[in-house]
Structures are given as structure tokens and as C-alpha cells.
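# Remarks on the overall topology
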Amino acid sequence: MLVAANWKMNGSKVANETLIKGVIAGFSDAESVNNDVAICPPFVYIDSVGQLLADSEVRLGAQNVSHLEIGAYTGEVSPSMLKDMACRYVIVGHSERRSLYAEGDQLVAQKFVSVTKQDLIPILCVGELLEEREACDTNDVIARQLDAVIDLAGIENFKNAIIAYEPVWAIGTGKTATPKQAQEVHEFIRLRLARHDVAIANDIRILYGGSVNANNAQDLFSMADIDGGLIGGASLIVDDFLSICKAMR
Ligand code: 13P
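Given the structure is predicted, the values throughout are model-derived calculations rather than measurements.

### Re the layout of surface pockets
- Reported here for the largest pocket is a volume of approximately 380 Å³.
- Around the largest pocket sit 13 residues that line it, and Lys 8, Met 9, Gln 63, Arg 97 and Tyr 101 are the ones nearest its centre.
- Looking at which element gives the most residues to the lining of the largest pocket, the answer is helix α4 (residues 95-100), with 3 residues.

Have a look at this one:
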């Protein structure tokens, strides 16, 4: 399983150091986690956070990336730069990128491809809006978001990829999907991938994200198709993040 922290646009040099030292100290006790843990700080802190994590089991990730490799693209960061900084994971298609920065399915698919070309691990986010859920369109939305990436990247590029189901109505709202609601969509995602490759579908890790906290993580992670979490707000609090990591099966 994997628990990944998405710090979003939070942090400072001092706060990051305190948070990371707390997290690493929490793992150094006897029951250290057998699963994967990652932290995705803002780009500007990638280097310093990477140094703080260097001697730990916690891996480094990024929250976004350019779909392009090099050149005159002011303000962008390429996959090879992230690789250069020893990143392992890259979040692509987070709903905040889709809604606030107008990233469409095609651009998300291009980012996914460019990340896999650098042997980085994409964490592909999919999820429906509240009105889409209320209109019973959840599966159609998820299928559209997934198919765009499968069509461009090819199913073989999902071999090392990770998918995060993040219902938009559950992000930062304190309104978590119930374990049953999440499980239904996770199963749908796995079946959608299985139409192309059963082995890849069975092996892929599908994370749940959206108001995961220390109290609900265990119930969510106990579901058959939930293989960890992508954590926003609760990843900024040492004890909460450690509790969530320790809730992994
Ligand atoms: P919250 O955990 O704050 O709801 O954020 C979830 C998320 O968007 C992680 O990528």
C-alpha cells in the first residue's frame, strides 16, 4: 500500500523541517511501516525536503509537472528535472489542477506519458464533481478521465502507475466518501483497466483521497480495492499523518 502526502500550497522552510523530522521520528519506533510513504511538497521545497528525507524510507514526490521536456516555457518544471531531484512520484491531473488551471483530459494524459518516459511513477487523479455524482454520472466521468490516459499512454504504461480516486466533493470539505462509496468506484476503476490487461489491473495501486483523517483511514484502507491514500490537510499534522500511515494493512 501507499500513503502519499499532498501538501498543496502549504509549508515554509521551518515548518517543513519540523513536520518531516516528526514524521521520520514516528517511523523509527519498532513498528515501522512495511508499506510505502511519500511526501509531495511544493516545487520550491523539493530540494530541501529531499535532503531531509534522504536517509529515511519516505520517498519524494511532486504535485504537478509540465508535459514538455525542455525549452522556453516560463514557470514550468519538466519530468527530467524532477528525476534529477530524486523524485519518485508525480501527481498528475489533481482536481485542483483540472478545475483551477483548466487542465483537460488530453493535457493530463500528455503529462502522464511524459512522466512515465522518465521512469517516474505517476499518481493519476480522477474523480467526479458533486453534481456529477448526484446525476449518477460518476462512472461515466471516471471512465472518460481514465480512457483519455489509456488511449494516449497505452495500458502497458500503467504497469508502475498509481491511480488516486478523489471525489471532488470530498476534497478539503471534511465530507469523506463512505468506505462503500469509495470501494464501488475503486472496483469500477480496476474493472475498466482489466478490459485492457487483467494483470496490470490486479496489481495497480488505487489510492483514495478526500478528507482522509486519523479516524477514518483504517475503515477506508480495509476495503478490498483501496490500496492506500492521497492525503491533503491531515498530512500537515505529524500525529494525524503518522496515524494514517499506520492504518495501512
Ligand atoms: P484533503 O485530504 O485535504 O481533503 O485533500 C485531499 C487531496 O486533494 C489530496 O490530493
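### Points about the pattern of salt bridges
- Considering all chains together, one arrives at 12 salt bridges under this definition.
- A salt bridge links Arg 97 to Glu 103; the nearest nitrogen and oxygen atoms lie 3.0 Å apart.
- A residue is classified by how much of its surface remains accessible, and Glu 103, at 6% relative accessible area, is buried.
- For Arg 192, the salt bridge goes to Asp 147, with nearest N and O atoms at 2.5 Å. Of this pair, Arg 192 sits in helix α8 (residues 179-194) while Asp 147 sits in helix α7 (residues 138-153), and the two are 45 residues apart along the sequence.
- For Arg 192, a relative accessible area of 16% translates into the label buried.
- Sharing partners across several salt bridges, the network here consists of Arg 97, Glu 103 and Lys 111.

### Looking at the packing of helix α1 (residues 13-27) against helix α11 (residues 238-246)
- Interhelical geometry of α1 versus α11 gives an angle of 40° and a closest axis separation of 9 Å. In terms of orientation, α1 lies oblique with respect to α11. Both α1 and α11 take part in a crossing whose hand is right-handed. Contacts from Thr 18, Leu 19, Gly 22, Val 23, Gly 26 and Phe 27 of α1 reach α11 at Val 238, Phe 241, Leu 242, Cys 245 and Lys 246.

### Notes on the packing of aromatic side chains
- For the coordinates displayed, the defined rule picks out 2 aromatic pairs.
- Directly above the ring of Tyr 101 sits Arg 97, whose terminal nitrogen or CZ lies 4.2 Å from the centroid.

### Here we look at the site of the ligand
- All residues adjacent to the ligand are Asn 6, Lys 8, His 94, Glu 166, Ala 170, Ile 171, Gly 172, Gly 210, Ser 211, Leu 230, Gly 232 and Gly 233.
- One of the backbone N or O atoms of Gly 172 is found 2.6 Å from an oxygen atom in the ligand.
- Between Gly 232 and the ligand, the recorded distance is 2.9 Å, taken from a backbone N or O atom to an oxygen atom.
- When the ligand is considered free in solution it has 300 Å² of accessible area, and contact with the protein chains removes 94% of it.
- Per-class residue counts for the shell around the ligand are 3 nonpolar, 7 polar and 2 charged.

### As for α7
- An ideal rise of 1.5 Å per residue puts 22 Å on 16 residues; α7 measures up with 23 Å between its terminal C-alpha atoms.
- Residues Thr 138, Val 141, Ile 142, Ala 143, Gln 145, Leu 146, Asp 147, Ala 148, Val 149, Ile 150 and Ala 153 constitute the buried set of α7.
- Contact partners of the buried residues in α7: α4, α5 (105-117), β5 (121-126), α6 (130-134), β6 (162-165) and α8.
- The positive-phi residue at the C-terminal boundary of α7 is Gly 154, with phi of around 85°.

About the criteria used
- Residues numbered from 1 in each chain as written.
- Predicted model: local features only at pLDDT ≥ 70, side-chain atom pairs only at ≥ 80, totals over all residues.
- Heavy atoms only, no water.
- 1 Å grid on protein atoms, 1.4 Å probe; cavity = no way out; pocket = protein on both sides within 12 Å on 5 of 7 lines; lining within 4 Å.
- Points joined across faces, edges and corners; volume = space filled by probe spheres on them.
- Helix = DSSP H or I, 4+ residues; strand = E, 2+ residues; numbered from the N terminus.
- Salt bridge = Lys/Arg side-chain N within 4 Å of Asp/Glu carboxyl O.
- Buried < 20%, exposed > 50% of the residue type's maximum accessible area, 1.4 Å probe, protein only.
- Axes fitted to C-alpha atoms, helices over the stretch in contact; angles between N-to-C directions.
- Parallel < 35°, antiparallel > 145°, perpendicular 65-115°, else oblique.
- Left-handed = near helix turned anticlockwise from the far one by under 90°.
- Contact = heavy atoms within 4.5 Å.
- Phe/Tyr/Trp six-rings, centres within 6.5 Å; stacked < 30°, edge-to-face > 60°.
- Lys NZ or Arg CZ within 6 Å of the ring centre and 35° of its normal.
- Near = heavy atom within 4 Å.
- Polar contact = N/O pair within 3.5 Å; in protein donor to acceptor, adjacent residues only side chain to side chain.
- Areas by Shrake-Rupley, 256 points an atom, 1.4 Å probe, with all protein chains shown as cover.
- Nonpolar A, V, L, I, M, F, W, Y, C, P; charged D, E, K, R; others polar.
- Expected span 1.5 Å × (residues − 1).

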